[in-house]
Structures are given as structure tokens and as C-alpha cells.
Amino acid sequence: MSALARLKRRAEFLRVAGSRRKWAAPGLVLQAAPSPDDASGTPRIGFTASRKVGIAVERNRARRRLRAAVAATMPLHAAAGHDYVLIARAETVRRPYADLLGDLETGLKRLGLWR
RNA sequence: CCAGAUGGCCGGAUGGCCGCGCUUCGGCGUCACAGGCGAAGCGAGGAAAGUCCGGGCUCCAUGGAAACACGGUGCCGGCUAACGGCCGGCGGGGGCGACCCCAGGGAAAGUGCCACAGAAACAUACCGCCUAUCGAAGCCUUCGGGCGGCGAGGCAAGGGUGAAAUGGUGCGGUAAGAGCGCACCGCGCUUCCGGCAACGGCGGCGGCAGGGCAAACCCCACCGGGAGCAAGACCAAGUAGGGAUGGCCGGCCUGCCGCAAGGCGAGGCCGGGUGCGUUUCCGCAUCGCCAUCCGGGUCGGUCGCGCGAGGCGCUUGGCGACAAGCGUCCCAGAGGAAUGGCCAUCCCCCGCCGCAAGGCGGGGACAGAACCCGGCUUACAGGCCAUCUGGCAAU
RNA sequence: UGGGGGAUCGUCUAACGGUAGGACAGCGGACUCUGACUCCGCCAGUCUAGGUUCGAAUCCUAGUCCCCCAG
């Protein structure tokens with residue numbers, strides 16, 4: 001994930017969620033917001049897997065699959081100068097990988113951040 | 001072969017492409033770091049889980065002790081750093097058996113409880129049984145007495161109630177009965193023997209010496225300071241050194257207010273208050289104290305943090321838990337948190353098609369380190385090994 | 001991650017180890033021209049599994065779920 005950065009603070013997640021730009025797909029929920037300080041910087045990604053997703057094994061699996069999908073797609077196609085939050089759902093663990101990639105791509109297109 | 005018991009073990013395998021974390025090395029870069037590039041090595045579990053116990057480690061309290069309080073454990077012996085764990089025994093219960101299960105000290109130290117029912121739940125008599133003993137109505141009489149069963153009295157066998165009714169069965173015995181006597185069983189005490197002990201065995205004595213509950217209070221024995229890696233240490237940055245409300249002391253001196261009586265935490269001293277679990281003496285800290293609320297700062301980094309009661313193998317001792325010795329290995333260290341994503345082949349299971357070879361499709365348990373270790377408990381697809389038991393068949 | 005607390009009708013809340021009670025809600029009925037109020041009745045529950053006890057919501061053990069706290 002060399003071309004991407006990570007979101008780590010709770011406040012950052014809340015700020016992205018407060019922007020209300022989101023797209024819900026069967027495999028994931030994508031939220032996005034412009035970066036506060038650097039409009040042309042590298043995209044920053046955050047992952048969330050709540051207890052609704054499942055036990056710790058399933059939460060870890062969901063987050064890893066999302067991270068793999070991001071590594072395959074977003075360095076090339078995500079618009080710069082934005083923060084993204086990916087929320088795992090219960091389906092994220094079982095959804096076929098190709099569909100998961102499709103969810104992420106259509107999410108980026110729907111939010112107008114496809115590049 | 002079938003059914004079962006116990007103990008131990010495994011927890012999919014191989015490869016490819018793309019990635020992640022840590023360590024080391026190389027070169028780039030830098031005054032030196034940082035950073036990023038490449039390579040190599042390593043990278044979840046038997047339960048990592050629940051957080052139910054025990055320790056290590058860290059800080060606080062530790063001053064000096066005793067008593068009290070509180071919490072825990074509970075047959076005996078051993079193992080262990082320790083344990084509520086483990087091993088071996090004992091006792092009780094279950095199973096044809098291999099084997100399994102048991103909080104399993106004390107109820108004549110004391111207190112308490114035992115609802116309803118029942119006469120009575122710890123010391124009793126409702127129904128009942130009896131008339132030997134004492135008194136009496138009535139009846140009979142050969143006038144000696146007898147019958148009668150009202151009262152006093154005796155009894156606890158039977159009925160009934162209950163979870164539980166003061167040893168059980170049988171024989172004798174008696175007015176009726178009763179360990180009242182005897183035999184066997186049970187129980188208590190005890191000589192001797194075996195055992196370190198729990199306990200067991202043989203014998204003797206005692207007629208029973210006194211219901212249940214201690215996962216009720218309790219007694220006895222033993223153990224235990226408190227908090228926890230968000231412990232704690234260091235570096236960097238940085239604000240404040242507060243405010244409001246309410247409640248609660250005495251004496252003396254000074255000061256202030258007041259003409260005075262007097263008042264006032266403004267100050268000091270003494271008593272004292274508060275804290276160190278409680279009490280006692282002593283000691284220490286703090287002088288206003290206590291409660292509630294408000295206000296202000298940070299949300300960074302490094303260490304702690306991976307050689308340990310360590311893993312594996314062999315030998316020796318021990319029934320065993322385990323211990324000792326020798327050899328060998330280094331084996332995760334993240335921090336919105338790495339240990340992965342995808343694909344292929346093989347293995348196992350299920351379904352469908354097929355005579356078959358095989359083909360197609362689906363699935364592969366429980367579950368993710370967060371300071372570490374020893375246990376316990378709980379979850380778990382499928383499989384392997386060893387020993388043993390019962391049954392059937394054959395030899 | 002560590003520490004602490006709790007679970008009783010749909011909701012809130014009682015119950016020395018001895019029949020699980022009350023309020024609200026719901027349903028039915030009565031009163032009323034109708035509704036409200038009021039009255040009567042019904043519906044229902046001890047988180048789960050074992051154990052101790054004659055008897056467990058209560059005591060003990062294990063599990064499940066929920067809530068709170070933290071430098």
C-alpha cells in the first residue's frame with residue numbers, strides 16, 4: 001500500500017462519516033470526504049469492522065479482504081485528496097472476491113471519485 | 001467382528017502470483033538520524049477463548065507487634081515455585097465389567113431453621129393397646145369373689161401425617177408393651193495386628209448413649225497486604241498552581257468589627273480533626289476538613305517486551321504426578337493492531353450422474369497472541385495410536 | 001486488555017430456603033348514547049445447565065447475554 005495512507009484516529013473516522021457521502025454495497029459500505037489539509041495528497045483509507053460482523057476471526061478476515069481489494073484497486077483509481085472509510089458487513093467474509101472488487105469499483109464511480 | 005472404557009496425539013498438504021510485520025545484512029541517502037530500495041530468516045493456538053484459581057514482574061502501603069475483622073480452602077500421603085491443580089491411596093455411590101462419580105473435617109461448643117400436614121419436628125400421645133397396680137357407678141354371685149373398663153395410671157406395638165417419627169428382622173417375654181432378654185445385621189467405644197496416615201482386619205465391651213440441615217450462622221486447622229503492563233519508568237510538548245455551592249469544632253492569645261453585650265477561620269498556640277482496614281499504645285503525613293459540581297492541559301515517542309519454573313531427544317530414579325543428569329535448539333512481538341488475498345493440484349466428507357473407471361457441484365471444525373508462565377473450565381469437523389472390558393464366531 | 005456490576009410477565013419493580021406479588025400495557029366484560037375515568041376477570045414470568053436440600057427465584061459450580069469504569 002505504498003501509494004496510500006491509513007486513517008487511525010477515531011476523530012478522523014467520525015469526520016469522514018459526518019460528510020454523509022456514502023455508498024452501500026452488499027459486500028461493503030464506502031464513505032468518502034475531502035482531506036482537510038492537503039487537497040492533492042495521497043488518498044487515505046480507514047477500515048472498520050464492528051462486532052456485528054462476527055467474532056474476532058471473522059472481523060480480521062473481513063478487514064484483510066477489504067485491504068486486499070483496496071490494494072488491488074485504489075492506488076490506480078481512487079481520486080487524490082480524499083479520505084475513505086470502508087465498513088465491513090456480515091457478507092464481506094462470504095462474498096466472492098470478484099464481486100467484492102466490483103462493489104468497491106462501483107462505489108468509487110457512484111461517489112464520483114473514480115479516476 | 002460388534003459394543004464400550006481409559007490414556008495420548010494430530011488439527012489439512014504442496015506449489016505459483018501479489019502483499020504485510022519484525023530482525024539481520026547490503027547498497028542509496030544523511031554531519032548523524034529519519035526515510036525509502038533489495039535480499040535472507042522468522043511470523044497464532046490446543047484451546048491464543050472464558051478470566052475461575054496460583055505465581056513471576058511493577059508500583060503503592062510496608063514502621064512494631066498482637067488481637068479482631070474479612071476472604072478462601074477442607075479425607076490421607078505425596079508432587080510442585082505455588083495452587084482451589086496433578087498423582088497415588090482411603091471411604092461412600094453407580095456399572096455384568098474395563099471403569100466412572102463424590103465441597104468427603106466438626107451436629108454431646110453454641111445459636112438458628114425444619115413451611116403445610118401431623119398428637120408430637122426434640123422431647124410428645126390423636127386414634128389405639130392394656131387393667132398387673134389404685135379408686136368407683138352398675139351387674140352377677142355359691143358372699144370367697146368375679147365381670148365391668150368410668151377415672152387415675154401403664155405402653156409406644158399397630159393406624160394415620162410427613163422428606164424425616166428416636167435402630168432393623170426374628171424369637172422369647174409381658175396385663176399390654178418396650179433392647180426388657182437373646183441371635184444376626186447396623187451403630188458407638190476399645191485391646192491387639194497391618195499401614196507414615198486416612199483407614200482396614202480379628203476380638204472384646206456397650207443395649208443404643210439420643211433426627212436432619214454447616215453449598216444456615218458458626219467451631220477447628222491451614223493460607224492470604226492492596227492494585228494491576230491502561231502496572232510502571234524516561235523523553236518531548238504543554239495549561240493550571242484554580243473556582244462555585246452546601247455541611248462540620250472547643251479553649252486561650254493576638255488582630256478586626258462594635259459604645260457595650262458580643263461577634264468574626266483573619267492569624268498563632270494547645271486540645272484535636274483527617275488519612276495509613278479496625279482497636280490499643282507508639283510513629284508518620286497533613287492543617288482547616290468533607291461532599292457535590294464547574295473550569296483547564298495532553299490523546300505523541302521510547303522502554304517495560306521476549307533465554308523462559310523454555311522446547312525437543314536420550315538416560316537414570318519413582319507405581320505415578322514428577323525429579324536429576326547429558327545433549328541439542330532459539331521459537332511471533334503488533335499497536336485502528338502484521339501473520340494475509342487470489343489461483344491450481346492432492347487429501348477427506350456429502351449430493352447427483354454412471355454397470356464401472358470416472359465426471360460434475362458443494363463443503364473442510366472450534367477459533368486470532370496483546371506482559372509472561374503453571375493449571376482449571378468451556379468450544380471443537382474429522383482422524384490416528386496404545387492398553388483394557390463385555391458379547392458373538394472360529395481355532 | 002484489565003477491573004466491577006447485573007439478569008424475575010411485553011415494560012418497571014417486590015418476594016426470612018416453603019403457593020412467585022404489585023403497577024403499567026394488552027384482551028374480554030360491566031357502567032355510558034359514545035369515549036375517558038372507575039370496577040371485575042383473563043393473559044402471562046424467575047437467562048441456561050448441573051449440584052446441595054424434603055423443598056431453590058434465593059445457596060454453590062459452570063456457561064450465555066447485557067451494562068459500567070479506566071492512562
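Conventions adopted
Residues numbered from 1 in each chain as written. Chains lettered and ligands numbered in written order. Predicted model: local features only at pLDDT ≥ 70, side-chain atom pairs only at ≥ 80, totals over all residues. Heavy atoms only, no water. Helix = DSSP H or I, 4+ residues; strand = E, 2+ residues; numbered from the N terminus. Expected span 1.5 Å × (residues − 1). Buried < 20%, exposed > 50% of the residue type's maximum accessible area, 1.4 Å probe, protein only. Arc of directions from axis to C-beta. Contact = heavy atoms within 4.5 Å. Near = heavy atom within 4 Å. Polar contact = N/O pair within 3.5 Å; in protein donor to acceptor, adjacent residues only side chain to side chain. Nonpolar A, V, L, I, M, F, W, Y, C, P; charged D, E, K, R; others polar. Core = buried A, V, L, I, M, F, W, Y, C linked by side-chain atoms within 4.5 Å.

Q: Mind showing me how you'd approach helix H3 (residues 97–110) here?
A: Because each turn of an α-helix spans 3.6 residues, side chains separated by three or four positions end up pointing in the same direction. Look at H3: 20 Å from first C-alpha to last across 14 residues, which is about the 20 Å you get at 1.5 Å a residue. Of the positions making up H3, those classed as buried are Leu-100, Leu-101, Asp-103, Leu-104, Gly-107 and Leu-108. In an axial view of H3, the angular spread of the buried residues amounts to 155°, which keeps them on one side of the axis. In this structure, H3 carries Ala-98 and Arg-110 as exposed residues pointing more than 90 degrees from its buried face. Lining the buried residues of H3 we find strand S2 (21–24), strand S3 (28–34), helix H2 (56–77) and strand S5 (82–88). Two residues or fewer past H3, Gly-112 is found with a positive phi of approximately 70°.

Q: Please explain the protein's contact with RNA strand B as it appears in this structure.
A: Taken together, 20 residues lie around RNA strand B, and Arg-6, Arg-9, Arg-61, Arg-63 and Arg-64 are the ones closest in. Those atoms of RNA strand B that come within 4 Å of the protein belong to sugar or phosphate at a rate of 67%. Contact distances for RNA strand B include 2.9 Å between a phosphate oxygen and a side-chain N or O atom of Arg-67. When contributions to the surface near RNA strand B are tallied by element, the ones reaching two or more residues are helix H1 (10–18), strand S4 (44–48) and H2. Looking at which element gives the most residues to the surface near RNA strand B, the answer is H2, with nine residues. For the surface near RNA strand B, a count of residues per class yields nine nonpolar, two polar and nine charged.

Q: In this structure, what is going on with the nonpolar core? I would like to understand it.
A: Taken as a class, soluble globular proteins show a tendency for nonpolar side chains to be buried jointly. Within the largest apolar cluster, 22 residues are counted, with the highest numbers of intra-cluster contacts made by Met-74, Tyr-84 and Leu-86. When residues in this core are grouped by element, the largest group, five residues, is from H2. Excluding residues within four positions of it along the chain, Leu-86 makes contact with Leu-28, Val-29, Leu-30, Ile-45, Gly-46, Phe-47, Thr-48, Leu-66, Val-70 and Leu-104. One finds Leu-7, Phe-13, Val-16 and Ala-33 within the second-largest nonpolar core, a separate group that totals five residues.

Remember, this is a structural readout, not a statement about activity or role.
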